[in-house]
Structures are given as C-alpha cells and as structure tokens.
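Listed here are the chains, written in short residue letters.
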Amino acid sequence: MKACMIIADGFEEMEAMGSYSVLNRGGVTVDLYGLKGDKAVSKHGLNVCGLKPFASFKDEDYSVIILPGGPHYKALEADENLKKLIKDFLASGKKIAAICASPTILGRMGLLKGKNYTCYTSMNEDFGGVYKEDYAVTDGNIITGKGPAAAIDFGLEVLKNLKGAQIAEEVKKGMYYK
C-alpha cells in the first residue's frame, strides 16, 4: 500500500508530517513529491529536500494522493497536470485526501458537490456540498481534514480508508496510550 503526498513551497508542516507519520506507523509507504522540483520550504521555514519530482509521478503506483494545506495550495491549484491527475484518480476509484486549504482545490473543481467535507473554516466557500465541523470527513473516495490541529485525526482517517478501522485504531492506541 502506497500513498503520495504532493508539496510545494509554503506547505503546512504539521499537516504533512503528522499524516506522514500516522500512515507510516500503519504500514503505508508515503512518497513525497515536490510540485516544482526536489526541494520545498514549509510555511514556517522547514527545508525539505530529496523529494521526488512531480514530473516523474506514475499514478499506478499509488492508492491515494494527499494534499496538505498551507499557502502552497495556490501553486497546487494552478497546476493543470495536478488537477487532471486528481480527476483521473477519482475516476479510477482511487482516493484523494486534502486538509486545511487544499480541499478548496477540490471544491473549485466541482468535486465536493453533493459531498460531506471539511476544510479550514475561513476557506469554506459554497462548494455545493455539506460542510462539517469535524476534524476529518470521508465521503466516497474523498477524505478532507480541517486544519493543523486535525493532522493526526486526518492521518488516522486516511489510514482507516486504506487499511481498515482496526489498523487505524491500533495506531491511535499506540500514539495515545496512557
């Protein structure tokens, strides 16, 4: 089971690294792709290098595309190749997971019409679906998350969708055990 996460300069590190860590704990390999090359700088200055270039992406290798939030969502939304890939992924029955500002990309593409979803509250527009205040929401093959504080719940929701509720619950217990 493999996931890919696509980032660009300005990505929100809590959302990227939190969900990355949860998925890895659950046995999911997560490959990091740089939208604009092999490096990206997060919203708060974390330098990430050694990213796979988005130009080399092969969709048959992955079960889900993960889009963390942060100001980089503008670069993601402007990339026509990424938007085509999102549509192709959903058409083939694969999953898209987006958190914070990134669900707005899906909303503006018309992919949230008639769907339950969440996103960073101030980013919510009339996307034709039902906005939820939950930290993470799944509707069909679309998984959305609220914001940085929801990164772990979002990661667990993605994990549940990929490997089942039991694995997600085991990972959760391992992280929250008292």
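Residues numbered from 1 in each chain as written. Predicted model: local features only at pLDDT ≥ 70, side-chain atom pairs only at ≥ 80, totals over all residues. Heavy atoms only, no water.

## Thoughts on the pattern of salt bridges
In step 1: Under the definition given, this model contains eight salt bridges.
In step 2: Where K83 meets E80, a salt bridge forms, and the shortest distance between an N and an O atom there is 3.1 Å. One end of the pair, K83, and the other, E80, are both in helix 3 (residues 80-91), three residues apart, so they sit about a helical turn from each other.
In step 3: K84 is paired through a salt bridge with D88; the nearest N and O atoms lie 2.7 Å apart. (Salt bridge = Lys/Arg side-chain N within 4 Å of Asp/Glu carboxyl O. Helix = DSSP H or I, 4+ residues; strand = E, 2+ residues; numbered from the N terminus.)

## Things to note about the environment of S42
In step 1: Tracing the chain through its elements places S42 in the loop between strand 3 (39-41) and strand 4 (47-49).
In step 2: A C-alpha to C-alpha distance of 6.0 Å links S42 and E12, two positions 30 residues apart in sequence.
In step 3: Only 2.5 Å separates the side chain of S42 from the side chain of E13, close enough to count as a polar contact. (Polar contact = N/O pair within 3.5 Å; in protein donor to acceptor, adjacent residues only side chain to side chain.)

## Points about the side chain of T144
In step 1: Position of T144 relative to the elements: it lies in strand 11 (residues 142-145).
In step 2: Residue T144 is classed as buried on the basis of its relative accessible area of 1%.
In step 3: One polar contact links the side chain of T144 to the main-chain amide nitrogen of T118, over a distance of 2.9 Å.
In step 4: With near-sequence residues (within four places) excluded, T144 lies in contact with A98, P103, Y117, T118, Y135, A136, V137 and F154. (Buried < 20%, exposed > 50% of the residue type's maximum accessible area, 1.4 Å probe, protein only. Contact = heavy atoms within 4.5 Å.)

## Thoughts on the packing of aromatic side chains
Any pair of aromatic rings gets described here by the distance separating the centres and the angle formed by the planes.
In step 1: Following the criterion strictly, the structure yields seven aromatic pairs and no others.
In step 2: A ring pair is formed by Y33 and Y62, whose centres lie 5.9 Å apart and whose planes are at 85°; its orientation type is edge-to-face. Of this pair, Y33 sits in strand 2 (residues 29-34) while Y62 is found in the loop between strand 5 (52-53) and strand 6 (64-67), placing the two residues 29 residues apart along the sequence.
In step 3: Residue class for Y33 comes out buried when judged on its relative accessible area of 4%.
In step 4: The exposure class of Y62 is buried, given its relative accessible area of 3%.
In step 5: Each ring, one from Y117 and one from Y131, has its centre 5.8 Å from the other, and the planes form 65°; the classification is edge-to-face. Taken as a pair, Y117 in strand 8 (residues 116-117) and Y131 in strand 9 (residues 130-131) lie far apart in primary sequence, 14 residues in all.
In step 6: Among the aromatic residues, ring-to-ring pairing joins Y33, F54, F57, Y62 and F89 into one connected group.
In step 7: Geometry around F89 places K94 over its ring, the cationic atom sitting 4.9 Å from the centre. (Phe/Tyr/Trp six-rings, centres within 6.5 Å; stacked < 30°, edge-to-face > 60°. Lys NZ or Arg CZ within 6 Å of the ring centre and 35° of its normal.)

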